[in-house]
Amino acid sequence: MPSARASLPASGLTRTFDTLLTALAPAVWGSTYLVTTELLPPGRPLLASTLRALPAGLVLLAIGRKLPRGAWWWRAGALGALNIGIFFYLLFVAAYHLPGGVAALVVAVQPTVVLLLGAVLLKDPIRPAQLTACLLGVAGVALLALTPQSGVDLVGIAAGLAAAVSMAAGIVLTKRWGRPEGVGVLTFTGWQLTAGGLLLAPVTLAAEGVPIHVTAANLAGFAYLSVIGALLAYAVWFRGIGRLPALAVSILGFASPLAATVLGYLVLGQGLSPLQLTGAAAVITAVALVQISQPRRAGKQAGSSSPESTHHHALAGKGKP
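Below is a summary of the structure that appears in this document. Keep in mind the model is a prediction, meaning the values are calculated, not measured.

1. Remarks on the pattern of salt bridges
Thinking step 1. Following the criterion strictly, the structure yields one salt bridge and no others.
Thinking step 2. The salt bridge partner of D18 is R239, with a shortest N-O separation of 3.0 Å. With D18 in helix α1 (residues 12–29) and R239 in helix α10 (residues 216–243), this residue pair connects regions lying 221 residues apart in the sequence.
Thinking step 3. Since its relative accessible area comes to 4%, D18 is described here as buried.

2. What to know about helix α3 (residues 45–64)
Thinking step 1. Helix length check: α3, at 20 residues, gives a terminal C-alpha distance of 29 Å against a target of 28 Å (1.5 Å per residue), a fit within 8%.
Thinking step 2. Just downstream of α3, R65 is the residue with a positive phi angle, here 55°.

3. What about the packing of aromatic side chains?
Between two aromatic rings, the relevant description is the distance of the centres plus the angle of the planes.
Thinking step 1. If you walk through the whole model with that rule in mind, you get ten aromatic pairs.
Thinking step 2. Seen in terms of ring centroids, W29 and W237 are 5.1 Å apart; in terms of plane orientation they differ by 65°. Their pairing is edge-to-face. Of the two residues, W29 sits in helix α1 while W237 sits in helix α10, which places them 208 residues apart along the sequence.
Thinking step 3. Exposure remark for W29: the relative accessible area of 9% places this residue in the buried category.
Thinking step 4. With a centroid separation of 6.3 Å and 65° between ring planes, the pair formed by F188 and W191 is classed as edge-to-face. Of this pair, F188 and W191 are both found in helix α9 (residues 185–207), three residues apart, which corresponds to roughly one turn of the helix. No difference in accessibility class separates F188 from W191, as the two residues are buried.
Thinking step 5. In this structure an aromatic cluster arises from ring pairing among W29, W72, F87, F88, F188, W191, Y234, W237 and F238.
Thinking step 6. One Lys or Arg, R52, reaches over the ring of F88 and ends 4.3 Å from the middle of that ring.
Thinking step 7. Directly above the aromatic system of W72 lies the positively charged group of R75, at a separation of 5.2 Å from the ring centroid.

4. Some remarks on the packing of helix α4 (residues 72–97) against α10
Thinking step 1. The geometry of α4 relative to α10 is characterised by a closest axis approach of 14 Å and an angle of 130° between their N-to-C directions. The angle between α4 and α10 places the two elements in the oblique class. Here α4 and α10 pass one another in a crossing that is right-handed. Residues N83, I84, F87, F88 and F92 of α4 pack against L225, Y234 and F238 of α10.
Thinking step 2. Looking at the contact of α4 with α10 residue by residue, the class counts come to seven nonpolar, one polar and no charged.

5. Observations regarding helix α12 (residues 255–267)
Each full turn of the α-helix corresponds to 3.6 residues, which orients residues three or four apart in the same direction.
Thinking step 1. With 13 residues, α12 extends 17 Å from end C-alpha to end C-alpha; this agrees with the ideal 18 Å at 1.5 Å per step.
Thinking step 2. Residues of α12 that are buried include every one of A255, S256, P257, L258, A259, A260, T261 and G264, and no others.
Thinking step 3. After α12 finishes, the residue G269 shows a positive phi value of roughly 70°.

6. Re the environment of P257
Thinking step 1. The residue P257 is located in helix α12 in this model.
Thinking step 2. Spatially, the C-alpha atom of P257 lies 6.9 Å from that of L105, the residues being 152 residues apart in sequence.

7. Considering unusual backbone geometry
Thinking step 1. With a phi angle near 55°, R65 is a residue other than glycine that sits in the positive phi range.
Thinking step 2. One can find R65 in the loop between α3 and α4.
Thinking step 3. Here the phi dihedral of K123 falls at roughly 60°; this positive angle occurs in a residue that is not glycine.
Thinking step 4. The topology assignment puts K123 in the loop between α6 (110–121) and α7 (128–145).

So, how was this worked out
- Residues numbered from 1 in each chain as written.
- Predicted model: local features only at pLDDT ≥ 70, side-chain atom pairs only at ≥ 80, totals over all residues.
- Heavy atoms only, no water.
- Salt bridge = Lys/Arg side-chain N within 4 Å of Asp/Glu carboxyl O.
- Helix = DSSP H or I, 4+ residues; strand = E, 2+ residues; numbered from the N terminus.
- Buried < 20%, exposed > 50% of the residue type's maximum accessible area, 1.4 Å probe, protein only.
- Expected span 1.5 Å × (residues − 1).
- Phe/Tyr/Trp six-rings, centres within 6.5 Å; stacked < 30°, edge-to-face > 60°.
- Lys NZ or Arg CZ within 6 Å of the ring centre and 35° of its normal.
- Axes fitted to C-alpha atoms, helices over the stretch in contact; angles between N-to-C directions.
- Parallel < 35°, antiparallel > 145°, perpendicular 65-115°, else oblique.
- Left-handed = near helix turned anticlockwise from the far one by under 90°.
- Contact = heavy atoms within 4.5 Å.
- Nonpolar A, V, L, I, M, F, W, Y, C, P; charged D, E, K, R; others polar.

Structure, rendered in structure tokens:
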């Protein structure tokens, strides 16, 4: 069982660095929509999900050379399913069925789910500023995404909502459980990517099989999603969960639709209307509002708590959003 250690005070500079570094992960994930539509073979969400997770997870396992022990076998499996396996599949379904901005809008309900789950599982009080930030962020994403050309597909909407709930549950449980003492963030990331990939692999082979023809563009897309979108981005993401409050991490997910919109403008030549620029400003404001509303104390350090100590820290005011 992991041992409990007191959270260390974090300077404003350290907190800002952790926030900016963690925001890189959802910013990278914002490129998923562009890569999916432009580089991946059509109609293969399971294959895209599996190849994004499993190779990266196996590489990290080989580097870390450490497997879960005791209760961490099922915890790693549960986190791998919520953060990786289920989330990846649903995200790609949404990306295949909806324009990137609309898909990002649906998934943007995630911080609100984290806010509610955090109140139940982490005993974190819901502050008015936090709720305002969540609503402001969703409104901002709506302005970014809902253009006259935006399509609505019920399958895509349902998949996006379910993806948001899955990822939100994964964030809160990762915060609640921490990670075992002596296990680094790369190894912890490898456990989850491998668990999620192994969950997806047999379903992929049964439902979609292996494509007969794969282009160089397809290979480039898969490589980008695995190395940049999974291995590096999730290592940064789980590091952030260990250092920042759960809601502060989750609200950074708004960087994903913002990045998707910017990439659409830069790569696909999609214009930015005054409303979309207003939406971008609202998203940035929402992120800033959550960050400045946090107590000037570090979040629970990853690898530093058991469920019991997490509960104690939550009641004592440690690591609360």
